[in-house]
Amino acid sequence: MANMGLVSTGVFLVVLAVSIVIYSANIITLQEMLPLIIGLYGFWVMILGGIRRRNPSKYERGALSTFTWGLLLTIVGFSSILSLRGLVNWLFALAAVLLVIGILAIAVAIERK
């Protein structure tokens, strides 16, 4: 299996490069770059959760936990962009994050029964 730390570093650099290209094309503002990086990297963390499900390691974080963090990063990143653009209220963005956390807490509780 590939060194996932090195792969994750490479994915982060690709996400950073894509964000810079999107900013230079005037699609996003400088203020929206960090949320875009967080949201796109969250997709990678969710993919890592799927990879860990297929190849679990004994002392690593579980697949569901990794997927959860990825989903949370993605929701926080993209809801921040929507809030910065004025498409949704920041309170709505907060409610979306809390909703995802609540659903994930229920899923973890059901899985551990």
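(A) Structural detail: unusual backbone geometry. Of note, the phi angle at Asn26 is positive, near 60°, even though the residue is not glycine. Positionally, Asn26 belongs in the loop between helix H1 (4-24) and helix H2 (33-54).

(B) Summary view of the pattern of salt bridges. If you walk through the whole model with that rule in mind, you get 1 salt bridge. A salt bridge links Glu32 to Arg85, with the shortest nitrogen-to-oxygen separation between them at 3.0 Å. Remark: Arg85 occurs in the loop between helix H3 (63-84) and helix H4 (90-111) and Glu32 occurs in the loop between H1 and H2; sequence separation between them is 53 residues.

(C) Seen up close, the packing of H3 against H4. Contact geometry of H3 with H4 gives a least axis separation of 9 Å together with a crossing angle of 170°. In terms of axis orientation, H3 runs roughly antiparallel to H4. Note on element contacts: H4 touches H3 through Trp90, Ala93, Ala96, Val97, Val100, Ile101, Leu104, Val108 and Glu111, opposite Leu64, Thr68, Leu71, Leu72, Ile75, Val76, Ser79 and Ser83. Among the residues forming the contact of H3 with H4, the class breakdown is 13 nonpolar, 3 polar and 1 charged.

Thresholds, definitions, all that
- Residues numbered from 1 in each chain as written.
- Predicted model: local features only at pLDDT ≥ 70, side-chain atom pairs only at ≥ 80, totals over all residues.
- Heavy atoms only, no water.
- Helix = DSSP H or I, 4+ residues; strand = E, 2+ residues; numbered from the N terminus.
- Salt bridge = Lys/Arg side-chain N within 4 Å of Asp/Glu carboxyl O.
- Axes fitted to C-alpha atoms, helices over the stretch in contact; angles between N-to-C directions.
- Parallel < 35°, antiparallel > 145°, perpendicular 65-115°, else oblique.
- Contact = heavy atoms within 4.5 Å.
- Nonpolar A, V, L, I, M, F, W, Y, C, P; charged D, E, K, R; others polar.

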